[in-house]
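The residues making up each chain are set out below.
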Amino acid sequence: MKERFTPGAFMNVRFTERSLAHTMGVLRMLSPARSLVLVDWNGTVMSDLGRAVGAINAATAPFGVRALDRAEFQDSFTLPMRTWLLDLGIAHEHVGRVEADWNSGMQAPAPLRSGVRETLATLRGQGIVTGVVTAANEAALRYDLRHHHLDGAFDHVHTSVRDKAARLTELRALGERAFYLGDTAYDIESARAAGYVAVGVSEGYQRPDVLAAAGADHHIDGFGDLLEILDLAPVPAA
Ligand SMILES: [Mg+2]
């Protein structure tokens, strides 16, 4: 918005740098840039690496695949899921069954990333549009939302998304400034391709250096760190 106004060019009024800054501040208050914050689910909102390790090991054990520890999980994880399962040694004909078992295994209690509930309340209190864009299926997402009493906490929910960049592009017009949070290189690349600020999170399914290499603009640990990136002061709890 700033570049549309130059000193002296607005209604023939000669602005000093100071009065221009003041006027721009007033204009911003009257009409703040609408922001959009969309998030991946597993590994991003959920701090669920432990659940994921358990789910994949339970799903692949019947096919003789050696159990992964957390580090091996992070080193091997890739998307799409099918590619990862083939990499782990699952035969083509068993991929569907393993993926279904993984989805069932992911319906188990797991913690939220720190600050999720408070940060969502702050964002929505500021009129920021929020949403989930995830490859996880609806049943798995509903399980977590219910478990953590987060039903209705997001303005938009998109599950079983097969092409994140395409879906994010469709949703891009919901905000002038747009942010996407994710824990995989796929999330980061999709966000950037769709014109979002790409924010990587720690302790997810892939390591921070992988997200940085994919082009993450920012990196956060707790969800509350997002407020600094959006330049918002946290709203104290009532
Ligand atoms: Mg994820």
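Bear in mind that the values here come from a model prediction, so they are computed numbers and not experimental data. (Residues numbered from 1 in each chain as written. Predicted model: local features only at pLDDT ≥ 70, side-chain atom pairs only at ≥ 80, totals over all residues.)

**A look at the confidence of the model for the chain**
Line of reasoning, step 1. Looking at the chain as a whole, the pLDDT averages 89, with 84% of positions reaching at least 70.
Line of reasoning, step 2. Across residues 1-13 the pLDDT falls below 50, and counting only partners more than four positions away or on other chains, this stretch makes ten contacts in the model. (pLDDT = per-residue confidence, 0-100. Contact = placed C-beta atoms within 7 Å.)

**Some thoughts on the pairing of strand S5 (residues 197-201)**
Line of reasoning, step 1. Taking burial as the measure, the five residues of S5 include four buried ones, the bulk of the element.
Line of reasoning, step 2. Where strand S4 (residues 177-182) lies against S5, four bridges are found, and the strand directions are parallel. Residue pairing in the sheet places Gly-182 in a bridge with Gly-200 of S5.
Line of reasoning, step 3. Remark: the S4/helix H9 (residues 185-193)/S5 crossover connection has right-handed handedness.
Line of reasoning, step 4. Where S5 meets strand S6 (residues 218-220), three bridges bridge the pair, whose relative direction is parallel. For Val-201, the partnering residue across the bridge sits in S6 and is Ile-220.
Line of reasoning, step 5. Between the parallel pair S5 and S6, the chain is carried across by helix H10 (residues 208-213), and the sense of this crossover is right-handed. (Buried ≥ 20, exposed ≤ 12 C-beta atoms within 10 Å, placed from the backbone. Helix = DSSP H or I, 4+ residues; strand = E, 2+ residues; numbered from the N terminus. Pairing = 2+ DSSP bridges. Right-handed = clockwise from strand over helix to strand, strands pointing away.)

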